[in-house]
Amino acid sequence: MVLRDFFIYLSENKLLNSAAQKYGLKMGAQSVVAGTSLPEVVQSIKELNKANISCTVDNLGEFVYEKSEATVAKNNILAVVQAIHDEQLDAHISLKPSQLGLDIDYAFCYENLKEIVALAHQYNIFVNFDMENYERLHSSFELLEELHKEYDNVGTVIQAYFFESEENIEKYKNFRLRIVKGAYKEPENVAYQSKADIDHNYLKLIEYHLLHGKFTSIATHDHNVINHVKQFVKQHNIPNEKFEFQMLYGFRKEMQLDLAREGYHFCTYLPFGNDWYGYFMRRLAERPQNVALVTKQVFNKKTNMAIGLGAAAFALGRLSKKGK
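Residues numbered from 1 in each chain as written. Predicted model: local features only at pLDDT ≥ 70, side-chain atom pairs only at ≥ 80, totals over all residues. Heavy atoms only, no water.

Novice: How should I be thinking about the overall build of the protein in this particular structure?
Specialist: When its secondary structure is counted, the protein shows 13 helices and eight strands. Looking at the protein residue by residue over its 324 residues, the buried ones come to 59%. For the protein, the proportion of contacts with a sequence separation of at least 24, taken over those separated by at least 6, is 72%. (Helix = DSSP H or I, 4+ residues; strand = E, 2+ residues; numbered from the N terminus. Buried < 20%, exposed > 50% of the residue type's maximum accessible area, 1.4 Å probe, protein only. Contact = heavy atoms within 4.5 Å.)

Shown next as structure tokens:
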């Protein structure tokens, strides 16, 4: 838990985030993001599609407190939606309400989301609402519910560490859901704190939605969870069309390919943009074992000189080289 808290602290540090944006592409951030420009993203999706892997595309962004920034993010996402349609890509959208103005003005955020969801609906493209910390949880659900009154191409994420997730997974069982463990530091009165409790609830939520839900995206790099799901769906005669496995771009590449070859639906979470640092630190906080999945080479002199000792963890952006 100490390591987890450390990564969460790093994810929220604006100074390190700025340093990562400045130096990341020079120091291996391309290993954890699929590009910074739309053509690069399109090419990354095409390469994965060739291997029968679909993608969910995330336009990265942190600390959005200006309407101008939220508008830029909205336009970037609209461009991705249009490209998915024009290029006939097997991909959909993942987005964070906070990047589109949730921390600025609820109504402003809603209008930004509606514009994205409407265009995606026109092209039959799914839009997933990524969940953030508890402070934003209920307002994000409210946005989802409001948009679902008019559009059926929206879904969201259920985080296993929240006490209320069991209630929420039942409430939203008719939505396409991604099940994750959770990657923010939350207080004891709203969230499980121990790994054992989180892991137990994670499998419980997965099993419930597989049995009762619309479609389940199982987001994990843990082969034990994957093997458990394989056995569970077999025992309960759950068809492959009801679920998919998801992993992050750059992690466990061979396992991603193997699962696709085995005939399972597989989706890679495809982040793009310069603002990758907070996203990646939270993924490590969610499961610090991810460090071991992607490299043994963590630090080098160039990284330490460029960002400083306090930002040394930034070099983890190079981690996925092991997965190549």
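Novice: Please clarify how the packing of aromatic side chains should be interpreted in this entry.
Specialist: By convention here, two paired aromatic rings are described through the distance between centres and the angle between planes. Taken as a whole, this structure holds eight aromatic pairs when the rule is applied. Geometrically, the ring pair formed by Phe-243 and Tyr-264 is tilted, given 6.2 Å between the ring centres and 50° between the ring planes. In this pair, Phe-243 sits in strand β7 (residues 243–248) while Tyr-264 sits in the loop between α10 (253–261) and β8 (266–272), placing the two residues 21 residues apart along the sequence. Like Tyr-264, Phe-243 is buried. One aromatic cluster is present, formed by Tyr-134, Tyr-161 and Phe-162 through successive ring pairs. (Phe/Tyr/Trp six-rings, centres within 6.5 Å; stacked < 30°, edge-to-face > 60°.)

Novice: I would appreciate a short explanation of the pattern of salt bridges in the present structure.
Specialist: Working definition: two side chains of opposite charge can pair if their charged atoms are close together. Under the counting rule described, the total for this entry stands at 15 salt bridges. Residues Lys-149 and Glu-146 are paired through a salt bridge, measuring 2.9 Å at the closest nitrogen-oxygen approach. When its relative accessible area of 65% is taken as the criterion, Lys-149 is described as exposed. Under the relative-accessibility criterion, Glu-146 is labelled partly exposed at 34%. One network of salt bridges, with partners in common, ties together Asp-58, Lys-96, Asp-130 and Arg-178. (Salt bridge = Lys/Arg side-chain N within 4 Å of Asp/Glu carboxyl O.)

Novice: What's the story with the environment of Gly-182 in this structure? I'm lost.
Specialist: Locating Gly-182 in the fold gives a position in the loop between β5 (176–180) and α8 (195–212). Gly-182 sits in the buried class, given a relative accessible area of 4%. It is 9.5 Å that separates the C-alpha atoms of Gly-182 and Tyr-202, two residues lying 20 residues apart in sequence.

Novice: In this structure, what is going on with the sheet that holds strand β1 (residues 54–59)? I would like to understand it.
Specialist: Sheet strands pair by backbone hydrogen bonding; their relative direction is either parallel or antiparallel. Spatially, β1-β2-β3-β4-β5-β6-β7-β8 is the arrangement adopted by the eight strands of the closed barrel, whose pairing is parallel. Going across the sheet, the axis of each strand differs from the next one's by a mean of 30°, ignoring polarity. Where β5 meets strand β6 (residues 215–219), four bridges bridge the pair, whose relative direction is parallel. Across the sheet, the residue bridging to Arg-176 is Phe-215, located in β6. Running at roughly 165° to strand β2 (residues 91–95), helix α4 (residues 67–86) makes contact with β1, β2 and β8 of the sheet. (Pairing = 2+ DSSP bridges. Axes fitted to C-alpha atoms, helices over the stretch in contact; angles between N-to-C directions.)

Novice: So what exactly am I meant to see when it comes to unusual backbone geometry here?
Specialist: Most peptide bonds take the trans configuration, and most residues that are not glycine carry a negative phi. The phi angle at Asn-52 is positive, at roughly 65°, despite the residue not being glycine. Within the secondary structure layout, Asn-52 lies in the loop between α3 (38–50) and β1. Unusually for a residue other than glycine, Arg-252 sits at a positive phi of about 45°. Within the secondary structure layout, Arg-252 lies in the loop between β7 and α10. A relative accessible area of 22% means that Arg-252 is categorised as partly exposed.

Novice: Can you help me understand the confidence of the model for the protein in this one?
Specialist: Do not read the predicted coordinates in detail wherever pLDDT is low. A residue-level look at the protein finds 76% of positions with pLDDT of 70 or above and a mean pLDDT of 85. Confidence over residues 293–324 falls short of pLDDT 50; this stretch has 74 contacts with residues more than four positions distant or in other chains. (pLDDT = per-residue confidence, 0-100.)

Novice: Any chance you could explain the side chain of Ser-165 here in plain terms?
Specialist: In this fold, Ser-165 is placed in helix α7 (residues 165–171). Reaching out from Ser-165, the side chain makes a polar contact with the backbone oxygen of Gln-159 at a distance of 2.4 Å. When neighbours within four sequence positions are excluded, Ser-165 is seen to be in contact with Ile-158, Gln-159, Ala-160, Asn-201 and Leu-205. (Polar contact = N/O pair within 3.5 Å; in protein donor to acceptor, adjacent residues only side chain to side chain.)

Novice: Is there a simple way to think about the layout of surface pockets in this case?
Specialist: To find leftover empty space, a probe the size of one water molecule is rolled over the atoms. Taken as a whole, the largest pocket holds about 480 Å³ of empty space. Along the walls of the largest pocket sit 19 residues, with Asp-90, His-92, Asn-124, Phe-126 and Arg-176 positioned nearest its centre. Of the residues contributing to the lining of the largest pocket, the split by class is six nonpolar, seven polar and six charged. (1 Å grid on protein atoms, 1.4 Å probe; cavity = no way out; pocket = protein on both sides within 12 Å on 5 of 7 lines; lining within 4 Å. Points joined across faces, edges and corners; volume = space filled by probe spheres on them. Nonpolar A, V, L, I, M, F, W, Y, C, P; charged D, E, K, R; others polar.)

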